[in-house]
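Okay, here's what each chain looks like letter by letter:
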Amino acid sequence: MRIATEEAFVTPAIWEGWQRVLAGQPEPGFVKMGASVFGDSPAARDIKARLLDLDDGRIATMAGHGVDFQIISMTSPGVQAFGPDEGHALACESNDILAEAVARHPDKFAGLGTVAVNAAERAAVELQRCRDRLGLRGLIVNSHSSGLYLDDPSCAPLLEAAADLDMPLYLHPREPSPQMVDPFLDYGLYFAGWGFAVECGTHAMRLIMSGVFDRFPKLRIILGHMGEGIPFWLPRIDNRYLLQVKTGAVKKLERLPSEYFLDNFIVTTSGHNSYPALHVMIAELGVARIMFAGDYPYESVPESIAWLDKAPVSAEDLEKIYSGNARRIFKLT
Ligand code: MN
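This text gives an overview of the structure that appears in the document. Within each chain, residues carry numbers counting from 1 in the order of the written sequence. Where local features are concerned, this predicted model is filtered to residues with pLDDT of at least 70; where side-chain atom pairs are given and counted, the filter is 80 or more; whole-chain, interface and lining totals use all residues. The side-chain quantities take in all heavy atoms of the structure and omit both hydrogens and water.

Regarding the sheet that holds strand β8 (residues 265–268)
Heads up, the condition is: In this analysis, strands are considered paired if DSSP registers two or more bridges between them. To qualify as a helix, a DSSP run of H or I must reach at least 4 residues; to qualify as a strand, a run of E must reach at least 2; elements of each kind are numbered from the N terminus.
Strand order in the open sheet formed by 6 strands is β4-β5-β6-β7-β8-β9, with parallel pairing between adjacent strands. The open sheet has two free edges, formed respectively by β4 (113–114) and β9 (290–291), since each of these has just one partner strand. Strand direction decides the pairing type here: strand β6 (residues 169–171) and strand β7 (residues 221–223), joined by 3 bridges, are parallel. Bridge pairing links Leu171 to Leu223 in β7.

This is the structure:
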């Protein structure tokens, strides 16, 4: 049994909404993204068709790849590209569309809700609807909203709701925020090979260092792409944090930064097919906090499966990574 946990979709309205944003005064990173991903190349048209499909085509592709079940969520940048009113309305419609697809194919799909972080009070209400009315299993946030990060005090109602409702928050990358994008605009660095991980890893570190997990200790964050680099850095993050506390440069937290990461975060593979990286994740987080993700339709899911099938782990651990952990974390029956 293989459950893929970072599998993307889009709604027609959100796709059209992006074109409006791109035609207006968009962020420089989003312009670069738009040119490559939302263009009119055959590859871009193929991805669009796959993102929009929540029925037979997707299910046939899953069967061909050897994926039994998808946890589906809004693709990047999702509603994080919009202002609060438009973003909230598009998020609610998208959650209805995803819940209907799950209802049509309950043995194949579960879904994560999407929310407008820049309308956090309304997003908290929508998250409750996602869980109680729509049966969604968590939420996705596609990193920053025009430079707004989740540690901002305005986002507290949403984080409180995610913690109280026990809805894991998938913090998914997008291109770097306007505050940090300039050095990423050359050489394709804004994109998923580097800029996405720097952006999303920084977002996760902002959550840790701001004390969000002291305020919301039950909040659970999922990071794709082997933890966006953070597992590799944990010892140094703690070491330099301790020095900075002594010099007064940073605020003292209740615990070490790594302790929040190890207790509050879950990571997925999502196309990062590297045994050394998997080894670091197992050594730092343990097998119980690692899930398989295909990153459909952006990555080669068959390549990821061929890689993970041969990973140097026990059959019992492989079962946890492929399905057992996802069942527990998303409360699948
Ligand atoms: Mn992805």
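Observations regarding the layout of surface pockets
For clarity, the threshold we go by: Cavities and pockets were defined on a 1 Å grid built from protein atoms only: a cavity is a group of points that admits a 1.4 Å probe but offers it no way out, a pocket is an open group of points flanked by protein on both sides within 12 Å along at least five of seven lines, and a lining residue is one with an atom within 4 Å of any such point. Grid points are joined across faces, edges and corners, and a volume is the space filled by probe spheres set on the points. Just so you know the grouping, Ala, Val, Leu, Ile, Met, Phe, Trp, Tyr, Cys and Pro go in nonpolar, Asp, Glu, Lys and Arg go in charged, and all remaining residues, Gly too, go in polar.
A volume near 890 Å³ is recorded for the largest pocket. Around the largest pocket, the lining is made up of 39 residues, and of these Ala192, Gly193, Ala197, His225 and Glu228 lie nearest the centre. Of all the secondary-structure elements, those providing two or more residues to the lining of the largest pocket are α2 (28–37), α3 (42–52), α8 (195–209), α10 (230–247) and α12 (275–285). Sort the elements by how many residues they give to the lining of the largest pocket and α8 lands first, with 5 residues. If you trace the second largest pocket, you find it lined by Gly201, Thr202, Met205, Met209, Ile230, Trp233, Arg236, Ile237, Arg240, Tyr241 and Gln244. Mapped by element, the contributors of at least two residues to the lining of the second largest pocket are α8 and α10. Take the lining of the second largest pocket: its biggest share by element is 7 residues, from α10. Grouping the amino acids of the lining of the second largest pocket by side-chain chemistry returns 6 nonpolar, 3 polar and 2 charged.

Considerations on the packing of α8 against α10
Counted only if it meets this: Think of each axis as a best-fit line through the C-alpha atoms, taken over the contacting stretch in the case of a helix, with angles from 0 to 180 degrees between the N-to-C directions. Each angle receives one of four descriptions, namely roughly parallel if under 35 degrees, roughly antiparallel if over 145, roughly perpendicular if within 65 to 115, and oblique otherwise. Each crossing is labelled by how the near helix is turned from the far one, with a counterclockwise turn of less than a right angle marking it left-handed and a clockwise turn marking it right-handed. Residues are treated as being in contact if the distance between any of their heavy atoms lies within 4.5 Å.
Between α8 and α10, whose axes approach to 13 Å, the crossing angle comes to 40 degrees. By the angle between their directions, the pair α8 and α10 is classed as oblique. Handedness of the crossing formed by α8 with α10: right-handed. Residues Gly201, Ala204, Met205 and Met209 of α8 pack against Ile230, Ile237 and Tyr241 of α10. Residue composition of the contact of α8 with α10, by class: 6 nonpolar, 1 polar and no charged.

Points about the coordination of the manganese ion
The condition that has to hold: Only nitrogen, oxygen and sulfur atoms qualify as donors, and only when within 2.8 Å of the metal (3.2 Å in the case of Na, K and Ca); with water excluded, sites may look incomplete. Any residue under 20% of the maximum accessible area for its type is buried, any over 50% is exposed, and the rest in between are partly exposed; the area is computed with a 1.4 Å probe on protein chains only.
Ligation of the manganese ion by protein atoms is provided by Glu6 (OE), His172 (NE2) and Asp295 (OD), these donors lying 2.0 to 2.2 Å from the ion. In primary sequence terms, the donor set of the manganese ion follows E-x165-H-x122-D. You can see Glu6 sitting in strand β1 (residues 3–9) and its partner His172 sitting in the loop between β6 and α8, a full 166 residues away along the chain. On the basis of relative accessible area, Glu6 is assigned to the buried category, the value being 2%. Taking the relative accessible area as the measure of exposure, His172 reaches 10% and is therefore buried.

Some remarks on the nonpolar core
Considering soluble globular proteins, one finds that nonpolar side chains tend to be buried as a cluster. Short version of the rule: Definition of nonpolar core: a set of buried residues of the types Ala, Val, Leu, Ile, Met, Phe, Trp, Tyr and Cys, connected through side-chain atoms within 4.5 Å.
Membership of the largest hydrophobic core comes to 108 residues, with the highest contact counts inside it found for Leu150 and Leu171. Apart from the residues lying within four places of it in its own chain, the contact partners of Leu171 are Val141, Ser143, Leu150, Cys200, His203, Ala204, Leu207, Ile221, Ile222 and Leu223.

A closer look at the side chain of Glu199
Test applied: When charges are tallied, Lys and Arg are placed among the positive residues and Asp and Glu among the negative ones, while His and the ends of the chain are skipped. By salt bridge we mean one thing: a side-chain nitrogen of Lys or Arg within 4 Å of a carboxyl oxygen of Asp or Glu. Here a polar contact is recorded for every N or O atom pair within 3.5 Å, except that within protein the pair must consist of a potential hydrogen donor and a potential acceptor, and residues adjacent in sequence are included only if both atoms are side-chain atoms.
Structurally, Glu199 can be placed in helix α8. Notably, Glu199 is buried but unbridged: the nearest opposite-charge side chain belongs to Arg174, and the N-O separation is 6.7 Å. From its side chain, Glu199 meets the backbone nitrogen of Ser177 in a polar contact 3.1 Å long. Leave out the neighbours within four places in its chain, and Glu199 touches Ser143, His144, Tyr149, Arg174, Glu175, Pro176, Ser177 and Met180.

Focus: the packing of aromatic side chains
This is how the line gets drawn: Any two rings among Phe, Tyr and Trp, with Trp reduced to its six-membered ring, count as a pair given centres within 6.5 Å; such a pair is stacked if its planes are under 30 degrees apart, edge-to-face if over 60, and tilted if neither.
For the structure on display, the rule yields 9 aromatic pairs. Centroid distance Tyr190 to Phe191: 5.8 Å. Interplanar angle 35 degrees. Geometry classified as tilted. Classification of Tyr190 as buried rests on a relative accessible area of 10%. According to the relative accessible area criterion, Phe191 is partly exposed, its value standing at 31%.

Here's the deal with empty space enclosed by the protein
A complete count under the given rule lists 2 cavities of 30 Å³ or more for this structure. Lining the largest cavity, in full, are Glu6, Glu7, Ala8, Ser73, Met74, Thr75, Ser76, Ile140, His172, Asp295 and Tyr298. For the lining of the largest cavity, the secondary structure elements donating two or more residues are β1 and β2 (69–74). Among the elements that line the lining of the largest cavity, the one with the most residues is β1, at 3 residues. Class assignment of the residues belonging to the lining of the largest cavity gives a composition of 4 nonpolar, 4 polar and 3 charged. Reported here for the second largest cavity is a volume of approximately 40 Å³.

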